[in-house]
Amino acid sequence: MEKVKELGSDGTRRSDYRNVAWHPLCVPHASRLWMPEWIMRSKRPRQGSAGTLYPMPLSESVVLDALKVVMDPDLHRDIVTLGFVKNVVIEGSKVSFTINLTTPACPVKEELKAQADEAVRGLEGVSDVEIEMTATVRAKPGEAQDLLPEVANVIAIASGKGGVGKSTVTVNLAVALAQKGARVGILDADVYGPSVPLLLGAQNEKPFTEGQKIVPVFRFGVHTMSIGYLLDDDQAVLWRGPMVAGTVRQLLADVNWGTLDYLLVDLPPGTGDAPMSLAQLVPLTGVVIVSTPHNVAANIAGKAVQLFKRLNSPILGVVENMGVLIDPVTGAETRMFSGLSGEDLATQLKVPYLGSVPFDPQVSQAGDQGIPAVVAYPQSAQADALKQIAGRLAQQASIKAMTAETPTP
Ligand SMILES: Nc1ncnc2c1ncn2[C@@H]1O[C@H](COP(=O)(O)OP(=O)(O)O)[C@@H](O)[C@H]1O
Ligand SMILES: [Mg+2]
């Protein structure tokens, strides 16, 4: 017997195999020479779970194995390990399955779908792939949301100072999330200047009660509640700390919010009683900070971030508002203010940057007319920015929920 010195790819001496009548399909790391014709013709030999190249009939586990190449870019794990792949059905050469993401507003939805399609289409014997994209918004686990058990994510929208466009941003993000198919609510907790009813053209609505609970006002696909609905226009209230806390509690507990994926809470500016009460009453998925590129605004925004960090509420990111002015003719962008940009603020605070909403008088007009910009001017740069920010916000909320659910190994 000729002694062959070279080593096989697994480090085994090839000569070890030569004396035995191995069945070609059982040889680990079988060389092409030993493979039957039909394997040679196949598009791609399937990798068995033990790393072998022998073919396996198309099955759910083969499909799942192939899908392990599709990574979620934010969660840094593959979609199979994350439990996103469901309902694998194989009918002849047609494979169908569902990818259940963590939010309908996922910005990488199409990318993941295309990668999954490619991975499964590459398997031999597969001629048709059908993928249904669904989403179940995950809640932060392990925390009893006593007051709002059916709300998956409570997200506070905060700012250091007033007038930065926090309410405008809140309303537009909520509508953008609802347009993507999420169940969304807005709680207007800015008791000093409730503006959500006005921004949604619902200032004349008077909510009714059903059973013991107040029914939210439904506008542009969003369930809303505000102290503004309950007070008369000219009614001035002298707010004291305990009253603010009590009102925030009532707006949470005495309202029939139903099942929601996201409840956005428009907080009063600054670091007063409302953010404190909110963070103590419900576990927040996180906080979004809206700021304009003024140093004063950025400085106070930094203080708001510190407050929420102390309250153990994660910061989901910074939104810059009115950062640039876009020339309607040339499309050229001019920075409106010379202060710290939203992006630099996010870097400084070590939190995600969610994006920038350009200044546009139309946004203001739409708000005054009670129609959010994403509805009134859906093709505008502002609407586009707001929709992208909504996607990134949903992405950050998913990351918070999923990283808490599946701790990094
Ligand atoms: N991107 C924008 N472009 C133009 N005007 C805006 C923009 N964002 C907000 N505004 C306007 O700025 C003013 C303050 O906005 P608002 O949302 O009420 O701020 P806040 O809730 O922070 O006090 C409003 O008149 C609003 O229409
Ligand atoms: Mg406001």
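Before reading on, note that the structure itself is shown above.
These numbers come from a predicted model, not from an experiment. (Residues numbered from 1 in each chain as written. Chains lettered and ligands numbered in written order. Predicted model: local features only at pLDDT ≥ 70, side-chain atom pairs only at ≥ 80, totals over all residues.)

A. Region of the structure containing the site of ligand 1. Taken together, 18 residues lie around ligand 1, and G165, K166, S167, T168 and S364 are the ones closest in. Looking at the shell around ligand 1, the elements with two or more residues in it are α5 (166-179), β14 (315-326), β16 (353-359) and α12 (361-368). (Near = placed C-beta within 6 Å. Helix = DSSP H or I, 4+ residues; strand = E, 2+ residues; numbered from the N terminus.)

B. How the structure looks around the packing of helix α8 (residues 241-253) against helix α9 (residues 273-281). Axis separation between α8 and α9 bottoms out at 9 Å; the angle between their running directions is 45°. The angle between the axes of α8 and α9 places the two elements in the oblique class. In this structure, α8 meets α9 at a crossing whose hand is right-handed. In this structure, α8 uses G241, V244, A245, V248, R249 and L252 to contact α9, whose residues at the interface are D273, A274, S277, L278 and L281. (Axes fitted to C-alpha atoms, helices over the stretch in contact; angles between N-to-C directions. Parallel < 35°, antiparallel > 145°, perpendicular 65-115°, else oblique. Left-handed = near helix turned anticlockwise from the far one by under 90°. Contact = placed C-beta atoms within 7 Å.)

C. Spatial organisation of the sheet that holds strand β5 (residues 128-135). Ordered by their spatial adjacency, three strands build an open sheet running β3-β4-β5, and the pairing between neighbours is mixed. Among the strands making up the open sheet, the edge pair consists of β3 (85-91) and β5. Neighbour to neighbour, the strand axes of the sheet diverge by 10° on average, direction disregarded. For strand β4 (residues 94-101) and β5, the ladder comprises eight bridges, and the chain directions are parallel. Bridge pairing links N100 to T134 in β5. Of the strands in this sheet, β4 and β5 are in contact with helix α4 (residues 109-121), which crosses β5 at around 150°. (Pairing = 2+ DSSP bridges.)

D. Layout of the packing of helix α3 (residues 60-67) against α4. It is the contact of α3 with α4, at a shortest axis distance of 9 Å, that shows an interaxial angle of 130°. With respect to α4, the axis of α3 lies oblique. Taken as a pair, α3 and α4 cross one another with a handedness that is right-handed. Touching V63, A66 and L67 of α3 are A116, A119 and V120, all from α4. Its residues assigned to classes, the contact of α3 with α4 shows six nonpolar, no polar and no charged. (Nonpolar A, V, L, I, M, F, W, Y, C, P; charged D, E, K, R; others polar.)

E. Here's a closer look at the pairing of strand β6 (residues 151-158). Among the eight residues of β6, eight are classified as buried, and the element is accordingly described as predominantly covered. Sheet topology note: the β6/strand β12 (residues 260-266) ladder contains six bridges and is parallel. Bridging across to β12, A156 finds its partner in V265. (Buried ≥ 20, exposed ≤ 12 C-beta atoms within 10 Å, placed from the backbone.)

F. Highlighting helix α11 (residues 342-349). Taken residue by residue, α11 has G342, L345, A346 and L349 as its buried positions. Burial along α11 is one-sided: seen end-on, the buried residues are contained in an arc of 100°. K350 occupies a position one or two residues after α11 and carries a positive phi of about 60°. (Arc of directions from axis to C-beta.)

G. Expanded view of the nonpolar core. Counting residues in hydrophobic clusters, the biggest one holds 103 residues, and the most contacted among them are L177 and V265. The element contributing the most residues to this core is helix α14 (residues 381-405), with nine residues. Those residues in contact with L177 that lie beyond four places of it in its chain are A105, A182, V184, Y262, A390 and A394. (Core = buried A, V, L, I, M, F, W, Y, C linked by C-beta atoms within 7 Å.)

H. A look at the environment of I155. If you trace the backbone, I155 turns up in strand β6. In this structure I155 comes out as buried when scored by C-beta crowding, with 24 C-beta atoms within 10 Å. For the pair formed by I155 and T285, sequence separation is 130 residues and the distance between their alpha carbons is 5.7 Å.

I. Looking closely at the environment of V324. The residue V324 is located in strand β14 in this model. In the structure, V324 is positioned ten residues away from T334 in sequence and 5.3 Å away in space, judged by C-alpha atoms. Aside from chain neighbours lying at most four places away, what touches V324 is E333, T334, R335, M336, S356, P358 and F359.

Keep in mind these numbers describe shape, not what the thing actually does.
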